[in-house]
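Residue-level structure breakdown
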Amino acid sequence: MEPIYWLLIMVVFLVIEIITLGLTTIWFAGGSLIAFFAALLGAGLSVQVGIFVAVSVVLLIFTRPIASRYFNRNTEKTNVDSLAGKTAVVTEDINNLESRGLVQMDGNIWSARSEGDEVLKAGTLVQVVRVKGVKLLVKRVEEA
């Protein structure tokens with residue numbers, strides 16, 4: 001295969017990476033670059049493809065976790081992701097068996113269910129464990 005094709009493939013992977021910003025195709029662009037050099041040195045097509053696949057897989061396995069951690073370390077949780085761990089007050093008794101219950105948090109009323117099957121009375125202080133659909137999954141705040 002002509003070396004120029006590997007450069008074109010690399011450009012395609014880089015353009016996709018720029019558009020998506022997902023750290024998904026950059027590794028294949030690296031594999032294409034090394035296959036380009038192999039083609040320049042006169043390697044056969046099967047060797048070029050083997051090098052492309054091997055380098056891409058090695059880059060993906062060994063450098064993606066490091067790069068993901070580095071690029072995503074300052075990501076601030078927003079919207080629903082930021083609710084876990086916050087404290088709320090039960091405004092309507094939470095009863096999972098009757099599928100009812102409301103809590104107030106940050107001035108907003110949310111549907112809520114208890115983490116276990118515990119019935120939580122109005123006025124109880126609870127902590128958000130996670131968000132499940134449009135409901136908050138909560139547990140009683142243990143008093144120190």
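Rules used in this analysis
- Residues numbered from 1 in each chain as written.
- Predicted model: local features only at pLDDT ≥ 70, side-chain atom pairs only at ≥ 80, totals over all residues.
- Heavy atoms only, no water.
- Helix = DSSP H or I, 4+ residues; strand = E, 2+ residues; numbered from the N terminus.
- Rg over C-alpha atoms; globule rule 2.2 N^0.38 Å.
- Buried < 20%, exposed > 50% of the residue type's maximum accessible area, 1.4 Å probe, protein only.
- Contact = heavy atoms within 4.5 Å.
- Areas by Shrake-Rupley, 256 points an atom, 1.4 Å probe, with all protein chains shown as cover.
- Axes fitted to C-alpha atoms, helices over the stretch in contact; angles between N-to-C directions.
- Parallel < 35°, antiparallel > 145°, perpendicular 65-115°, else oblique.
- Nonpolar A, V, L, I, M, F, W, Y, C, P; charged D, E, K, R; others polar.
- Salt bridge = Lys/Arg side-chain N within 4 Å of Asp/Glu carboxyl O.
- Polar contact = N/O pair within 3.5 Å; in protein donor to acceptor, adjacent residues only side chain to side chain.

A few words now on the overall build of the chain. Within the chain, the secondary structure is distributed over 3 helices and 5 strands. Walking the chain from its N terminus toward its C terminus, one meets helices and strands in the order α-α-α-β-β-β-β-β. Relative to a compact globule of 144 residues, whose C-alpha radius of gyration would be 15 Å, the chain shows 26 Å and is clearly more extended. Reported as C-alpha extents along the three principal axes, the dimensions of the chain are approximately 75 × 30 × 25 Å. Within the span of the chain, comprising 144 residues, buried residues form 27% of the whole. Look at the contacts in the chain between residues 6 or more apart in sequence, and 44% of them connect residues 24 or more apart. Per element, the accessible surface of the chain, about 9,400 Å² overall, is 63% carbon and sulfur.

Attention now goes to the packing of helix α1 (residues 3–20) against helix α2 (residues 26–40). Running from amino to carboxyl end, α1 crosses α2 at an angle of 170°, the nearest separation of the two axes being 8 Å. Relative to α2, the element α1 is oriented roughly antiparallel. Along the contact surface, α1 presents P3, W6, L7, I9, M10, F13, L14 and E17, while α2 presents I26, F28, A29, S32, L33, A35, F36, A39 and L40. Tallied by class, residues from the contact of α1 with α2 come to 15 nonpolar, 1 polar and 1 charged.

This brings us to unusual backbone geometry. Positive phi is not limited to glycine here, since S99 has a value of about 50°. Relative to the elements of secondary structure, S99 occurs in the loop between β1 (87–95) and β2 (100–105). Here D106, not a glycine, exhibits a phi torsion of approximately 55°, which is positive. Here D106 lies in the loop between β2 and β3 (108–114). Among the residues examined, D106 registers a relative accessible area of 57% and is labelled exposed.

Tallied over the full model, the rule gives 4 salt bridges. We note a salt bridge from D106 to K86, for which the minimum N-O separation is 3.0 Å. Note that D106 is positioned in the loop between β2 and β3 and K86 in the loop between α3 (45–72) and β1, a separation of 20 residues in sequence. Between K121 and D93 there is a salt bridge, and its shortest N-O distance comes to 3.8 Å. With K121 in the loop between β3 and β4 (125–132) and D93 in strand β1, this residue pair connects regions lying 28 residues apart in the sequence.

Quick look at the side chain of S114 now. Counting through the fold element by element, S114 comes out in strand β3. Here S114 falls in the buried class, since its relative accessible area comes to 3%. At 3.0 Å, the side chain of S114 forms a polar contact with the backbone oxygen of G116. Every residue in contact with S114, bar those within four places of it in the chain, is listed here: I94, N96, L120, L137 and V138.

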